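Structural features, examined
Each chain, written out:
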Amino acid sequence: MATLTNTTAQWSDVSLTNTNPSLISKITAWADKQAANRTLWFMVSLIAQGVLFLPVPAVLLYYFHAPIFILAVTLGLFFSNIIAGMGGAGIRAMLGLFAFSIIVHLLMIITFII
């Protein structure tokens, strides 16, 4: 049987699996575990969007004179979360869209306040 150079390990002993998972694989594994809580995540997404994100355009438009497309972006993300949740999207898609909405709204707030 062939051996590795300068070692006593056999080729059959070498593991080809990744023993140090990346951040993406950890997030994906966590999202897959949340599949049983899909309805809960849909409700969390709707409540967070309705309470935290829908007032953002009003504040940015009135106090910081932001352009009107801020309202279109917010409503587009809100309704896309509703469609994804009610349309039967997978848990990865729902959580990804929710995370994308959070990031976009935080960037909008940072952009117009600073």
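An account of the accompanying structure is given in this report. These numbers come from a predicted model, not from an experiment.

1. Side note on the environment of Met86
Mapped onto the secondary structure, Met86 falls in helix H4 (residues 69–86). Judged by its relative accessible area of 65%, Met86 is exposed. Sequence separation between Met86 and Phe42 is 44 residues; the distance between their C-alpha atoms is 8.4 Å.

2. Notes on helix H5 (residues 91–113)
The periodicity of an α-helix, 3.6 residues per turn, causes residues three or four positions apart to be oriented the same way. Its 23 residues give H5 an end-to-end C-alpha distance of 33 Å, which sits within 8% of 33 Å, the value for a rise of 1.5 Å per residue. Where H5 is buried, its residues touch helix H1 (23–33), helix H2 (38–53), helix H3 (55–64) and H4.

3. Regarding the nonpolar core
Listed in full, the seven residues of the largest apolar core are Val56, Leu60, Ala66, Ile70, Leu77, Val104 and Met108. Broken down by secondary-structure element, the contributors of at least two residues to this core are H3, H4 and H5. Ile70 has contacts with Pro57, Leu60, Met108 and Phe112, leaving out every residue within four places of it along the chain.

4. A look at the side chain of Gln49
Its location among the elements puts Gln49 in helix H2. When sequence neighbours within four positions are dropped, the list of residues in contact with Gln49 reads Leu54, Leu77, Phe78, Asn81, Phe98 and Ser101.

5. Overview of the side chain of His105
Considering the arrangement of structural elements, one finds His105 in helix H5. Here His105 is in contact with Phe53, Val56, Thr74 and Leu77, once residues within four sequence places are set aside.

6. What to know about a nonpolar patch on the surface
A cluster of nonpolar side chains, Val59, Tyr62, Tyr63, Phe64, Leu106, Ile110, Ile113 and Ile114, forms an exposed patch at the surface whose accessible area comes to about 900 Å². Breaking the nonpolar patch down by element, the ones donating at least two residues are H3 and H5. Tallying contributions element by element places H3 first for the nonpolar patch, with four residues. When you line up the elements, Val59 lands in helix H3. On the basis of relative accessibility, which here comes to 37%, the residue Val59 falls in the partly exposed class.

7. Structural notes on the packing of H2 against H3
Contact pair H2 / H3: the axes reach a minimum separation of 6 Å and the direction vectors enclose 20 degrees. When the axes of H2 and H3 are compared, the pair comes out roughly parallel. Of the residues in H3, those in contact with Gly50, Val51, Leu52 and Phe53 of H2 are Pro55, Val56 and Pro57. Looking at the contact of H2 with H3, its residues break down into six nonpolar, one polar and no charged.

8. Thoughts on H3
Turning to H3, its buried residues number three or more, namely Val56, Pro57 and Leu60. Buried residues along H3 cover an arc of 95 degrees about the axis, so they all sit on one side. Projecting away from the buried face of H3 at angles above 90 degrees are the exposed residues Tyr62 and Tyr63. The elements touched by buried residues of H3 are H2, H4 and H5. Residue His65 follows H3 closely and has a positive phi angle near 50 degrees.

Rules of the game
Residue numbering note: each chain is counted from 1, following its sequence as written. Under the rules for a predicted model, residues below a pLDDT of 70 receive no local features and side-chain atom pairs below 80 are neither given nor counted, while totals for whole chains, interfaces and linings still include all residues. For the side-chain quantities, the full set of heavy atoms in the structure was used; hydrogens and water were omitted. Put simply, DSSP H or I for four residues or longer makes a helix, DSSP E for two residues or longer makes a strand, and each gets a number counted from the N terminus. Only protein chains enter the accessibility calculation, which uses a 1.4 Å probe; a residue is then buried when its area is under 20% of its type maximum, exposed when over 50%, and partly exposed in between. Multiplying one less than the number of residues by 1.5 Å gives the expected span of a helix. Residues are treated as being in contact if the distance between any of their heavy atoms lies within 4.5 Å. Here, the term nonpolar core denotes a set of buried Ala, Val, Leu, Ile, Met, Phe, Trp, Tyr and Cys residues that are joined through side-chain atoms within 4.5 Å. The residues that make up patches have over 30% relative accessible area and no salt bridge, and they are joined within 9 Å when like-charged or within 5 Å when they are Val, Leu, Ile, Met, Phe, Trp or Tyr. The protein chains shown are the only cover counted for residues, whose accessible areas, like all others here, come from Shrake-Rupley with a 1.4 Å probe. The salt bridge definition used is simple: a Lys or Arg side-chain nitrogen within 4 Å of an Asp or Glu carboxyl oxygen. What counts as an axis is a line fitted to C-alpha atoms, over the stretch in contact for a helix, and the angles between N-to-C directions run from 0 to 180 degrees. Angle categories: roughly parallel below 35 degrees, roughly antiparallel above 145, roughly perpendicular from 65 to 115, and oblique for all the rest. Only Asp, Glu, Lys and Arg are considered charged, only Ala, Val, Leu, Ile, Met, Phe, Trp, Tyr, Cys and Pro nonpolar, and every remaining residue, Gly among them, polar. Of all possible arcs, the one meant is that of the directions from the helix axis to the C-beta atoms.

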